[in-house]
Amino acid sequence: MTPHDIRQCFELQRHASRAQPDVPLTLRRERLLRLRKLLDEHGPTLAAAVQADFGMRSTRLTQVADLFVLQAQLSHTLRRLARWSRRTKVCTPPLLQPARAWIERQPLGVVGVISPWNYPVQLALAPVIGALAAGNRVMLKPSELTPHTSAQLAALVAQFFAPDEFCVVQGDAATAALIASLPFDHLVFTGSTAVGRKVAQAAAANLTPTTLELGGKSPAIIDADCDMQDAALKIAHGKLLNAGQTCIAPDYVLLPRGSEAAFADAYRAAVARLYPYFEGNPDYAAIINPRHLARLRTMLQQAQTQGAEVLVMQPVPGSPSPPPQGLGDGVGRQMAPVLVFGAAQGMQLMQEEIFGPVLPVLSYERLDDAIAHINAHPRPLALYWFGRSEAVQDDVLRRTVSGGVSVNDTLMHVAHDNLPFGGVGDSGWGAYHGEAGFLRFSHQKSVLVQSRWFLGHLLYPPYGARFDKVMALMRRLL
């Protein structure tokens, strides 16, 4: 689509939204059912497209991390949509009675979505579910780094939806910049903090409200009394799912000083259990492209040069060797998992979100030191705590701020449909999923219906003795 085509498509949706500000519940449900039909019938096609884009990523991983998550969100939304859509009655204070009041939930209009490449189906369509449920039109711009998936999404959405309901725009960073500059009624962006700032600035020119999901350096805190093997397994799963290319992946570990060897052994065993080998393993995703792989290798090289200890996980002896062909071009980008001990704060891997299978491990003397470290840095998208003491757990929750938390696990809070998903501070703002997403993409209009018995005219000018008496009475009613 040319810039002219994109603007024309936007105007088509904008005109349709203004012509039908009240979208019936039946139409909202029907659109969601169409989206579910798209996923049910064409899920394998989308999974194959994701595999083609990564060069090596199991279609089963896409099935569970992209398709199933969306199907669960759709089922959750469809079951609750009628309740979410109802007007909400509110109590009227005595001074305004006998008036009646309620909150009317209306569509915002047109919602723009700029989605990333790491979970190219889930993170494209999850905000779309909330936007369609709230009665909006949607324009989606998926990532240019996953061209096969973006092309399939564009073709399938065009098959199931009219352009004035939901359309997909393909293109590069310039196209994303154009999308961000359009006067949407709401704009969702998922990506890096640096790009998120640019998106927010472009949207601000149109007073477009935004939801920004920006990732960040999410810590995992290991308490002294935790089950080390269990914690290491869950951290390894959260870190290595999609080869670490997950916005809420544990970005670094904080553990009690003296536990380094125990954690390294437990993590090595966990990796061997999950991924006995790396190169050629269809369950272990490739790094998305050579540029991102080179960035990760540069991080490691700098850390090692500056004195950090780098432990590269080795495949289990006897693991199969990859065949010379037939597995996709991502085999050479399947980076072995790495632990890094002794990383200094000035190193690149401690300054940037890693987004790969590299896990720095930092030691702390006291829990206060771990909490102080977290609070001295930008607020993370996720935080993970592993331990047995509920008192310590509550202390960590009370003294840290993050987008979300999983206790004694990683990632799973995002799978809970009744929990909002979003960041705080540098990790983003706004949240969606479930009812939180429905409300994010709705306008909550305040409505007051006045009664003919209301005595408000007693406060009209001209002011005088009557006004003073009425005000004195009203103050006594407060």
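Nothing here was measured: the structure is a model prediction, and the numbers come from that model.

Enquirer: Would you mind going over the overall build of the chain with me for this structure?
Expert: Looking only at helices and strands, the chain has 15 helices and 18 strands in total. Over its C-alpha atoms, taken along the principal directions, the chain stretches across nearly 90 × 55 × 40 Å. Considering only contacts within the chain whose residues lie at least 6 apart along the sequence, 76% involve residues at least 24 apart. Surface accessibility of the chain: about 21,200 Å² in total, with carbon and sulfur atoms responsible for 56%.

Enquirer: I would appreciate a short explanation of empty space enclosed by the protein in the present structure.
Expert: Taken as a whole, this structure holds two cavities of 30 Å³ or more when the rule is applied. Mapped onto the lining of the largest cavity, the elements with two or more residues apiece are helix 3 (59-85), helix 4 (122-133) and helix 14 (434-440). Partitioned by chemical class, the residues of the lining of the largest cavity number eight nonpolar, seven polar and one charged. Computed from the structure, the second largest cavity encloses a volume of approximately 30 Å³. Lining the second largest cavity we find K239, G244, T246, A249, P250, D251, E353 and F355. Residue composition of the lining of the second largest cavity, by class: three nonpolar, two polar and three charged.

Enquirer: How should the sheet that holds strand 18 (residues 442-449) be read in this particular structure?
Expert: Strand-to-strand pairing in sheets goes through backbone hydrogen bonds, with the strands running parallel or antiparallel. Strands sit in the order 1-2-18 across an open sheet of three strands; the sheet is antiparallel. Each of the sheet's edge strands pairs with one partner strand only, and the pair in question is strand 1 (88-89) and strand 18.

Enquirer: I keep staring at unusual backbone geometry and nothing clicks. Help me out?
Expert: Excluding glycine, residues mostly have negative phi values, and the peptide bonds linking residues are mostly trans. The step from Q97 to P98 runs through a cis peptide bond, and the omega angle for that step is 10°. Its location among the elements puts P98 in the loop between strand 1 and strand 2 (100-107). A cis amide bond links P461 with the next residue in sequence, P462, at an omega value of 5°. Tracing the backbone shows P462 in the loop between strand 18 and helix 15 (465-477).

Basis of the calculations
- Residues numbered from 1 in each chain as written.
- Predicted model: local features only at pLDDT ≥ 70, side-chain atom pairs only at ≥ 80, totals over all residues.
- Heavy atoms only, no water.
- Helix = DSSP H or I, 4+ residues; strand = E, 2+ residues; numbered from the N terminus.
- Contact = heavy atoms within 4.5 Å.
- Areas by Shrake-Rupley, 256 points an atom, 1.4 Å probe, with all protein chains shown as cover.
- 1 Å grid on protein atoms, 1.4 Å probe; cavity = no way out; pocket = protein on both sides within 12 Å on 5 of 7 lines; lining within 4 Å.
- Points joined across faces, edges and corners; volume = space filled by probe spheres on them.
- Nonpolar A, V, L, I, M, F, W, Y, C, P; charged D, E, K, R; others polar.
- Pairing = 2+ DSSP bridges.

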